[in-house]
Protein chains: 2
Amino acid sequence: MNVTSVCRQAKLASRSLAAFSAAEKNAILSAMADALKAGQDYILTENKVDLNNLSGKDKVFEDRLRLNESRIDQMIEGIRQIAALEDPVGEVTGESVRPNGLVLKKVRCPLGVVAIIYEARPNVTADAAALCIKSGNAVILKGGSGAINSNRAIYKVLSDAVAEAGFQREIITFIDDTERKATAELLKQDKYIDVIIPRGGEGLKNFILENSTIPVIASAGGNCHVYVEKTADYDMAEKILVNAKCQRPSVCNAAESLLIDADVADRYLPGLMKALIDNGVTIKGMPEELAKYGLPFTPATEEDYHTEYHDLIMDIKVVKDCGEAIDRINRYGTCHSEAIITSDAAAAEQFAKKVDAAAVYVNASTRFTDGFEFGLGAEMGISTGKLHARGPLGLKELTTEKYVITGNGQVRK
Amino acid sequence: MNVTSVCRQAKLASRSLAAFSAAEKNAILSAMADALKAGQDYILTENKVDLNNLSGKDKVFEDRLRLNESRIDQMIEGIRQIAALEDPVGEVTGESVRPNGLVLKKVRCPLGVVAIIYEARPNVTADAAALCIKSGNAVILKGGSGAINSNRAIYKVLSDAVAEAGFQREIITFIDDTERKATAELLKQDKYIDVIIPRGGEGLKNFILENSTIPVIASAGGNCHVYVEKTADYDMAEKILVNAKCQRPSVCNAAESLLIDADVADRYLPGLMKALIDNGVTIKGMPEELAKYGLPFTPATEEDYHTEYHDLIMDIKVVKDCGEAIDRINRYGTCHSEAIITSDAAAAEQFAKKVDAAAVYVNASTRFTDGFEFGLGAEMGISTGKLHARGPLGLKELTTEKYVITGNGQVRK
């Protein structure tokens, strides 16, 4: 397969897509949703091929890969929800009139061509296509080898639907090659691709960051903290801590570390540790800080404080005050989601200002960092970078802005 | 000099700077402006050393390098203007209340550490430092070898002023090493630097893009077009064309190509070509399109249409209609500044929507793409990329946003 040629076609298709009305884009999404229902049997058959090819992969992988009627219905519902969201393209985000009469408008417009490189979950194929099209971008899909037959089937159904609805098929393209060489080639197409979004493990992400000549919007993992400040309400602290750690420990917005002010350590830690232990959490910490409470824990290493466990494990560190908590978070954190539990408005403000993260929580669980929870409707991933987009990537984050300047013959003196 | 150690210090300094009030930042800027005046003789003496070291450089380079009292006054005035601009940090750019009562705010905050790598002009040292500090960022300065003594002197005066005003000296740092090796080392400090902004020629920019592991905000050159649509007013077209090409041909927002609708070519081209020739412009074009007018021109090559001349040279191409003009601009342009001259609102809208550029002009000269002209007060450069910032980089473009989420104990179900 000729990667460059696919990318060139995507770029050409993006030119017309950029000027589509919301109604036209919604017509495409509607055709895509209908086609997924009509093509369900074909997709499930191809998914079986992938499932049969599985060997030596774990249960989690198999669960992510497996499609069924209910999961296809979820994909369809996702597309319909995206269709119902407001079109970000054309929004005027700023306007001014200059002394010489020039009218400056800053207008939201599509990025152009978005390439998404993802692993496992075949539903990303449909989600990413729908988000890109609604935001006026052509999409290039590159899935992992384990789901190649499922992804190809979904792609075929969707792009046939686009063409049958009378639109240019190449607004959705698919790299039908699972070799890493094809990925490497894709990463050099800066002439045609405007942004690369990786969704997958650290290995994939690092390969992309090291090899791409195209801007990448990526997420670091989430080494998230819950900081119990000395004025925190105990019950609220316990509830938020247990939720942030235990509700779904495998995800990036789950908490990994508890920081607590020395002033309340003796009062709060026995209860907090017990609540964690009762929920199956293994605690790590410093013997000189925790041994006195007589509850089980293992000694923490410096490495532990840097670790995103993805598991029912939490490390604990006693800190002097809010300033030390902030310093630790900025040192060990990954700029994802960080929470303070406090009754002191000044401490909350200091924390919100100084903690360097995509999402800073005051008296709430870190688990809310998510496109749907934030009201963006859906997300293309979560960015922990600072440029362009921070936090969940919704439709708006898949756009850029241009200046449109209208005059009546103005020239520069 | 230890580049890593300088970068680490800048990162640490950025942490406190992020929480400074507008008044504190303005106090720093005011101290910097005063210090430049007091340190004027020292700076001019060091500038003479650079001027004496000049050998074999051209007049343009010498003019850029030379400082005098009036140019130092301009630097001071620039800093005072930046102090007078509104502080972008803390601006709430979006707010919503979720069904569970969580209050989401999107709050503007500094990027952290900005490194600027620049050539020649020593005034960039002061401009960049002032823009970064006002937007709450620590700045790392890396100038070119030809201006090393001037840059070092300005840096010393400014950082002494910061320290004497009672603030952390390291909010301004300076890489006192003009070897390319030092630049290469700087480009790998992704742990400490949040963004790199190159200001200089294509060679510098490409070296940075190829070697940086830090996000780069860069400007392509400006291969800008003026498109005279068939409903254009002739006088306006001539005035804008001559301004866009001739007012300052060496800069990136000057026009390089004239596109004109075939319908009005015979009526308009003789006059437009004569106006250009009268202003000293050499015309390039296709003999089958231009020879009939009996005016001097040289045949254009495919390469010409891709060229930013930086000179009194302009190529001309006759097009079928607005669609062909847009296609050519998207093919040959560099996404900088593009203009249409038209009386047809539909053509203007189509052009504004479909042309892929940082600034699209309707009936005005391309020469306005500039931070000061756009009312941003000053600029750190002009971005032709699509991610993060497009067009002139002012204070707002030197910030990012974070979500600050306030609850009263909310946890995820």
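Here the structure is a predicted model, which is why all the values come from computation and not from measurement.

A. Main features of the sheet that holds strand β1 (residues 92–97) of chain B. Taken together, 10 strands build an open sheet; the order of strands is β10(A)-β9(A)-β11(A)-β8(A)-β7(A)-β12(A)-β13(A)-β16(B)-β2(B)-β1(B) and the sheet is mixed. Edge positions in the sheet fall to β10 (298–299) of chain A together with β1 of chain B, since each of these pairs with one other strand and no more. Sheet topology note: the strand β13 (residues 359–364) of chain A/strand β16 (residues 399–410) of chain B ladder contains 5 bridges and is parallel. If you follow alanine 364 of chain A over to β16 of chain B, its bridge partner there is glutamine 410 of chain B. Contacting β7 (224–228), β8 (255–261), β11 (313–319), β12 (337–341) and β13 of chain A together with β16 of chain B, helix α10 (residues 234–246) of chain A runs over the sheet at an angle of about 120° to β16 of chain B. Across the sheet, helix α15 (residues 345–354) of chain A touches β7, β12 and β13 of chain A together with β16 of chain B, and the angle it forms with β12 of chain A is around 170°.

B. Representation of the pattern of salt bridges in the model. All names here are of chain A. What the rule picks out here adds up to 50 salt bridges over all chains. Between arginine 80 and aspartate 34 there is a salt bridge, and its shortest N-O distance comes to 2.9 Å. You can see arginine 80 sitting in helix α5 (residues 69–84) and its partner aspartate 34 sitting in helix α2 (residues 22–38), a full 46 residues away along the chain. Looking at arginine 80, the relative accessible area reads 38%, which means it is partly exposed. In this structure, the salt-bridge partner of glutamate 256 is lysine 245, at a minimum N-O distance of 3.2 Å. Of this pair, glutamate 256 sits in strand β8 while lysine 245 sits in helix α10, and the two are 11 residues apart along the sequence. For the pair glutamate 256 and lysine 245, one class covers both residues: buried.

C. Quick peek at the relation of the copies chain B and chain A. For the pair chain B and chain A, the superposition axis carries a translation of 0.0 Å, the fit reaches an RMSD of 0.0 Å, and the rotation angle comes to 180°. As the rotation angle and translation indicate, the two copies are arranged about a two-fold axis. The position closest to the rotation axis in chain B is occupied by the C-alpha of histidine 388 of chain B, lying 1.7 Å away. Comparing contact sets, 100% of the residues at the interface of chain B also lie at the interface in chain A, consistent with an isologous, same-surface contact.

Calculation criteria
Residues numbered from 1 in each chain as written. Chains lettered and ligands numbered in written order. Predicted model: local features only at pLDDT ≥ 70, side-chain atom pairs only at ≥ 80, totals over all residues. Heavy atoms only, no water. Pairing = 2+ DSSP bridges. Helix = DSSP H or I, 4+ residues; strand = E, 2+ residues; numbered from the N terminus. Contact = heavy atoms within 4.5 Å. Axes fitted to C-alpha atoms, helices over the stretch in contact; angles between N-to-C directions. Salt bridge = Lys/Arg side-chain N within 4 Å of Asp/Glu carboxyl O. Buried < 20%, exposed > 50% of the residue type's maximum accessible area, 1.4 Å probe, protein only. Least-squares fit on C-alpha atoms with pLDDT ≥ 70 in both.

Everything listed here is a matter of geometry and, on its own, says nothing about what the molecule does.
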